[in-house]
Amino acid sequence: MPTLDHSSTAPAAPATPANPRTGERLFVVGFIVVGLLGPIVMGERYPFSIAPMFCQQPTCYCEYVVKGPDGDSLDLARFQLQRVYDGNPVGLGVGVRPPETLDRFGEVPTEQLIREHLQQLPDDAWRGLPYVDVEVSVIGDVDGVHVGRIDERSFTVRVTAPGAGS
Amino acid sequence: MNLAERFNRWFERSRPTYGILTTWILLSFAVALALLPPVFHEGPRAETMATMFGWLPEAVVRSPWTTHVCRVVLVASALLWFAGRLLPWSCWLTALSFTMVWALRMENVANGAHIFHATTWLLWIHAAWMQFVHREWQAARQAGRLRETCLYPRWVFLLSVFALGVFHTWAGLTKIAESGLDWGNGLSLQLWVYLWGWSHSPFGYFVLAHRTFAAILQTGAMVIESLSFLTWFGKWPRLILGVGILGFYTGVLGTFVDYGFHFNWILVAWLLLPVEAWFRRRESVSREVAGDPGAVQVEAALATGS
């Protein structure tokens, strides 16, 4: 144990305790064990973390624009096309389930998939809309050096409201 | 020097100035967290536990009142710790309420963040430090010799470095496990920068202009992160990797401006650059002037880089 030096001119107390406390040793060893094993056992569960941000390797992503018959852009969340990805694996280590969406960062849906997705949405999403145009811009490698909109892979698909006929 | 001897040196004590300043940094982060407006996302609960407090009843976890109470407790306990009052209880309460506030945030959002994990572990380490020295601390304070009394065990610093190293190593290993060793192909980094990058960022400009440059930066980040555990093994690995991690965070913050890694940047700079060694050297000089044989120990530790 270090002794306190109360004199005004003497140097500080000896730097090494003769018998380091057992409690300190236990804490140090316990902390190291927990620090090493915690993320393995618990995974992404705060305060433990496997620090998964940006761990994936996407090669492209999609920008969606949904327009009604009048040409105005509509809210993507209304059609479950909003992006929920923020760099972290979606839904990992969070207590609220991310909203349903067709968007998968790194994937491009087919026209058929977009039609099926939109037509199974509840009537609320389609209120007042006989059809919508979904513009899908695919962002990815354009020339081996840069990224940008890939025109050849981007497309627009018109989806009619369920029951409105095709 | 064998392992047991090395381990024994972890319990050598030096003057606490560096530890006090580290604590102040952590407490300022604690207050910053308490002041952050809470976020509550709509939506059903996730199937898996997001935090170690996920077992609490949903009504407790989702209630804004729980968060507000924890924030008030966090500010109060942090101020008490700062003032040296109610030690060590104020310290434990700070660590616990900090952990609770961030856990409640993670329980109530649909997007994760990793800006306070390192601070959490460091708060627990420093609370434990106070647990072990609080009586001597109070006595030294009352005698007006707190800064001159050897109260800072070496393990407090080394465990803090360990916590930072492990956290960043996991970031590297997770990338390799998820995407393989070619994770840093440059394309994915370009996509993230294209989507979220600050348009005036010089880092972002070069990343978007050159795939090869992006790949070098990305692979470099993965290597540095994966090797971060080596910061524990002496002053040179600590310095080299510290500079690397700091560069990585500088690039991230300079590109994705609002990502909130400022806290980690400060901790990395404070703990992995030779700031602590500078404090020890300064202490050694002042003790040598005073004719204290303990100065020799400090010099020896600095020479071995432990």
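Preceding this section is the structure that the text describes.
Residues numbered from 1 in each chain as written. Chains lettered and ligands numbered in written order. Predicted model: local features only at pLDDT ≥ 70, side-chain atom pairs only at ≥ 80, totals over all residues. Heavy atoms only, no water.

(A) Main features of the packing of aromatic side chains. Inspection of every chain in the model, using the stated rule, returns 39 aromatic pairs over all chains. Ring centres of Tyr 85 of chain A and Phe 105 of chain A lie 4.3 Å apart, and the angle between their planes is 20°; on these two criteria the pair is classed as stacked. In this pair, Tyr 85 of chain A sits in the loop between strand 2 (73–74) and helix 2 (111–119) while Phe 105 of chain A sits in the loop between strand 2 and helix 2, placing the two residues 20 residues apart along the sequence. Since its relative accessible area comes to 15%, Phe 105 of chain A is described here as buried. A ring pair is formed by Trp 129 of chain B and Tyr 152 of chain B, whose centres lie 5.1 Å apart and whose planes are at 75°; its orientation type is edge-to-face. One end of the pair, Trp 129 of chain B, is in helix 6 (residues 117–142); the other, Tyr 152 of chain B, is in strand 2 (residues 152–153), and 23 residues separate them in sequence. Assigned by exposure class, Trp 129 of chain B and Tyr 152 of chain B land together as buried. Here the aromatic cluster, defined as three or more aromatic residues joined through ring pairs, consists of Phe 27, Phe 31 and Phe 48 of chain A together with Phe 7, Trp 10, Phe 11, Trp 121, Phe 132, Trp 155, Phe 162, Trp 232 and Phe 233 of chain B. The ring of Trp 183 of chain B has Lys 175 of chain B lying over it, and the distance from NZ or CZ to the ring centre is 5.3 Å. (Phe/Tyr/Trp six-rings, centres within 6.5 Å; stacked < 30°, edge-to-face > 60°. Helix = DSSP H or I, 4+ residues; strand = E, 2+ residues; numbered from the N terminus. Buried < 20%, exposed > 50% of the residue type's maximum accessible area, 1.4 Å probe, protein only. Lys NZ or Arg CZ within 6 Å of the ring centre and 35° of its normal.)

(B) A look at empty space enclosed by the protein. A complete count under the given rule lists five cavities of 30 Å³ or more for this structure. Computed from the structure, the largest cavity encloses a volume of approximately 150 Å³. Lining the largest cavity we find 13 residues, and of these Gly 35 of chain A together with Trp 121, Ala 163, Val 166 and Phe 167 of chain B sit closest to its centre. Elements with a minimum of two residues in the lining of the largest cavity: helix 1 (22–42) of chain A together with helix 6 and helix 7 (154–179) of chain B. Its residues assigned to classes, the lining of the largest cavity comprises ten nonpolar, three polar and no charged. (1 Å grid on protein atoms, 1.4 Å probe; cavity = no way out; pocket = protein on both sides within 12 Å on 5 of 7 lines; lining within 4 Å. Points joined across faces, edges and corners; volume = space filled by probe spheres on them. Nonpolar A, V, L, I, M, F, W, Y, C, P; charged D, E, K, R; others polar.)

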